[in-house]
Amino acid sequence: MPIRLLRPDVSSKIAAGEVIERPASAVKELIENSLDAGATRISVEVRGGGSELIRISDNGVGIPANEVELAFQRFATSKVSSVEDLDGIKTLGFRGEALPSISAVSRVTLVTRYERESEGTRFEVHDGETVGNEPAGAPTGTTITVRQLFRNLPARQKFLKTVGTEISRIQIAVTRYALAYPEVRFELNPDKGRKFASPGTGDLRAVVAAVYGLQNAEGMLDMTPSDEDDLSPMVWGLVSPPSMDRANRSYICFFVNRRWVQNRFLSFALEQAYHGFMAERRFPMGVVNINLPYEDVDVNAHPAKAEVRFRRENQIFGAVQQAVRHALVTYSPVPEVNRLTSGHSPSHARTQATSGAFWPTTPFARPSPSERDRLAEIAGWTSDHDAAQTHPIADVTPESEPMIPKNALPVLRVLGQVQTTYIVAEGPDGMYLIDQHAAHERVMFERVQAQAVASTPEIQSLLEPAVVQLNPEHQELLEAQGEIIGSLGFAIEPFGGDTFLIRGVPALLGEGDPARALMDILDLMADGGGFESWEERAAYSIACHSAIRAGKVLSHQEMMELTRQLEDCVQPNTCPHGRPTMIHLSSSRLEREFGRT
Ligand code: ADP
Ligand code: MG
């Protein structure tokens, strides 16, 4: 094809697709507009997962009658006027792309009245064409209705997931803004799924209660802004004590100058602050606000404005870490003690069982990696261990040792444990190092699958049902995948609102707090762990939740048992993700390495 300029109706749709990826992105852009207009109440109505209808009403300043048409033109904005303005953007919007993009791929009706005008405007655009513009009575503020989103983009329509999934993305978008703006009252009314409302009182903890449930909100620790000097970044918000850990990062939100941002580097800073307090592969909850001089952030780095760049990254990293650490050190032990003595909490038993392990009180309880290094050093292993990891001759990855088929795993004699993570064993042909977590995960995974396939989950009925509050995402998941979750051995009943009763749990989970286990498993399921089918996701979630962790001291008996169980597996040499459960150092290799041949 020769090069041609695209017709404007084609290019506008392509541009729209970049800004508006799915219904949730339209909701996000429209909420940002309402917030920029100074709204204190924002309500969102959704039908058909947003594809059918999205309606957002606000009580912001509204749009002057003579500017309404302009607002729908590409790059028309009231928020930025010069290149210099881009250096310190204070508003959530600044590109003037949302309204033109949304209206290019849907039918939009906007009713607005500017605060200083007595009459409002009703404006209508279909597929980018203005079809109505007339005066109308309206309260101050703006209501925008988007119907049939992507009606003229069948390719995009096909790419959308189920109504439930789209609603849950919208829910995430709305709840994020509610967390960032506690003084604004948000309401979300979807035709399917849960409603959401934030109180709008300015109290962040009250919003956390609305989003994550009361129990979680009560347990969170305050991070108060340090007022030492105005130059440093100000960090404030709420973070969880180490005992309220989660299986994934989805309970962590960062807001930079009240804009939700995604940034690996910030997550890392937060997780680092928990280093030594939290078990491996567990994550805290947190609503972390960072306030910076506007010139120090570049928000113009991503089409959806979700990624930002910092001028002084290290300073921010340090400030986040310090603020979180401070909160942990100041408050953490207190809620732990309260929970242990109050006795009313359903997580009583589990807290008692594990809190000691999260807090490094006894050196061998659950050593952090640095602690492990220290212990190894004392034992004089550090150099050997490092060499084993980095030295090319010690490259004994499973690639060099092909998969051992079922039952070909030789009978192993357990010798001991290294770094409270690996079991050392001897086989007929040399030495084996078994990763205890990976191995146990494999064992549990196959058991869960076998029981599910045979429809014979072993259920452990609870004498007293456990009460659990589930967030909207968990509720969706429970609704959509209830059958699978039930087939694993969970017996769950709704108990009104966001509260549920757990009457039975899979026996494989063993001891522990059932509410915590359920939430954990739902988190892991939502994450997927890389598995496509929900059955596999569910099996993996249980396996991952219940598998013994690295860092746990195992008795000789326990190690022998685990090794036997692994020998019985269909695929003993990989964990459910395909990572090795063991590495093998053959006798001939040992001989070669020691120059015996
Ligand atoms: P941007 O937000 O980047 O400026 P938009 O296309 O989202 O671009 O909006 C264009 C303009 O329309 C905004 O700059 C603002 O002046 C006006 N506008 C949009 N939505 C609202 C609203 N809810 N209340 C008041 N003004 C609005
Ligand atoms: Mg905007």
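None of the values given here were measured: they were computed from a predicted structure. Every chain is numbered on its own, with residues counted from 1 as its sequence reads. All chains are assigned letters beginning at A, and all ligands numbers beginning at 1, according to the order in which they are written. Owing to the predicted nature of the model, reporting of local features is limited to residues with pLDDT of at least 70; listing and counting of side-chain atom pairs is limited to 80 or more, with chain, interface and lining totals taken over all residues. Here the side-chain values reflect all heavy atoms present in the structure, with hydrogen atoms and water set aside.

Asker: Got a sec to walk through the packing of aromatic side chains? Specific residues and values, please.
Answerer: The description of two aromatic rings rests on the distance between their centres and on the angle between their planes. When the centres of two rings from Phe, Tyr and Trp lie within 6.5 Å, Trp using its six-membered ring, the rings pair. Their planes under 30 degrees apart give stacked, over 60 give edge-to-face, and anything left gives tilted. Scanning all chains against the criterion turns up six aromatic pairs. Plain terms: the ring middles of Y212 and Y251 are 5.4 Å apart, the flat faces sit at 45 degrees to each other, and that makes the pair tilted. Placement of Y212 in helix α7 (residues 204-212) and of Y251 in the loop between β10 (234-239) and β11 (252-256) is noted, with a sequence separation of 39 residues between them. For the pair F531 and Y540, a centre-to-centre distance of 5.3 Å together with 45 degrees between the ring planes defines the contact as tilted. You'll find F531 and Y540 in the same group, each marked buried. Joined through ring pairs, the aromatic side chains of F265, F268 and F317 make up one cluster. We call a charge positioned above a ring when the Lys NZ or Arg CZ atom is no farther than 6 Å from the ring centre and deviates by at most 35 degrees from the ring normal. Directly above the ring of W260 sits R176, whose terminal nitrogen or CZ lies 3.7 Å from the centroid. Above the face of the Y181 ring, R258 is positioned so that its terminal group lies 4.1 Å from the ring centre. Each helix corresponds to a stretch of at least 4 residues labelled H or I by DSSP, and each strand to a stretch of at least 2 residues labelled E; elements are numbered beginning at the N terminus. Residue exposure (1.4 Å probe, protein chains only): buried if accessible area is under 20% of the type maximum, exposed if over 50%, otherwise partly exposed.

Asker: Outline the sheet that holds strand β18 (residues 430-435), supporting the account with residue identities and numerical values.
Answerer: Paired through backbone hydrogen bonds, the strands of a sheet run either parallel or antiparallel to each other. Strand pairing is assigned whenever DSSP detects at least two bridges linking the two strands. With antiparallel pairing, the four strands of this open sheet are ordered in space as β16-β17-β18-β22. Each edge of the open sheet carries a strand with a single partner, namely β16 (413-418) and β22 (582-585). Mean inter-strand twist for the sheet, computed between neighbouring axes without regard to direction, equals 25 degrees. Pairing of strand β17 (residues 422-427) with β18, which is carried by six bridges, proceeds in the antiparallel orientation. Between N-to-C directions, angles cover 0 to 180 degrees, with each direction set by a line fitted to C-alpha atoms, over the stretch in contact for helices.

Asker: With reference to specific residues and values, describe the nonpolar core.
Answerer: It is characteristic of soluble globular proteins that their nonpolar side chains tend to be buried jointly. In these notes, a set of buried Ala, Val, Leu, Ile, Met, Phe, Trp, Tyr and Cys residues joined through side-chain atoms within 4.5 Å is what counts as a nonpolar core. Core analysis: the largest hydrophobic core is formed by 61 residues, its most contacted members being I31, L179 and F186. Where each domain begins and ends follows an automated or database-derived domain assignment. In terms of domain composition, this core takes at least three residues from each of domain 1 (8-201) and domain 2 (220-331).

Asker: Tell me what's going on with helix α6 (residues 163-180), and back it up with residues and numbers.
Answerer: Here, expected helix span is obtained from the residue count minus one, scaled by 1.5 Å. For α6, with 18 residues, the first-to-last C-alpha span of 26 Å sits near the 26 Å given by 1.5 Å per residue. When α6 is considered as a whole, its buried residues turn out to be E166, I167, S168, I170, Q171, A173, V174, T175, Y177, A178, L179 and A180.

Asker: Explain the site of ligand 1 to me, using residue names and the numbers behind them.
Answerer: Summary of the distance rule: residues count as near a molecule or strand when at least one heavy atom falls within 4 Å of that molecule or strand. N33, T77, S78, K79 and G96 are the nearest of the 20 residues found near ligand 1. A distance of 2.8 Å separates an oxygen atom of ligand 1 from a polar side-chain atom of N33. T142 places a polar side-chain atom, nitrogen or oxygen, 3.3 Å from a nitrogen atom of ligand 1. Looking at the shell around ligand 1, the elements with two or more residues in it are α2 (23-36) and α4 (98-104). Two N or O atoms form a polar contact when they lie within 3.5 Å of each other; inside protein one atom must be a possible hydrogen donor and the other a possible acceptor, and for residues adjacent in sequence the pair counts only when both atoms belong to side chains.

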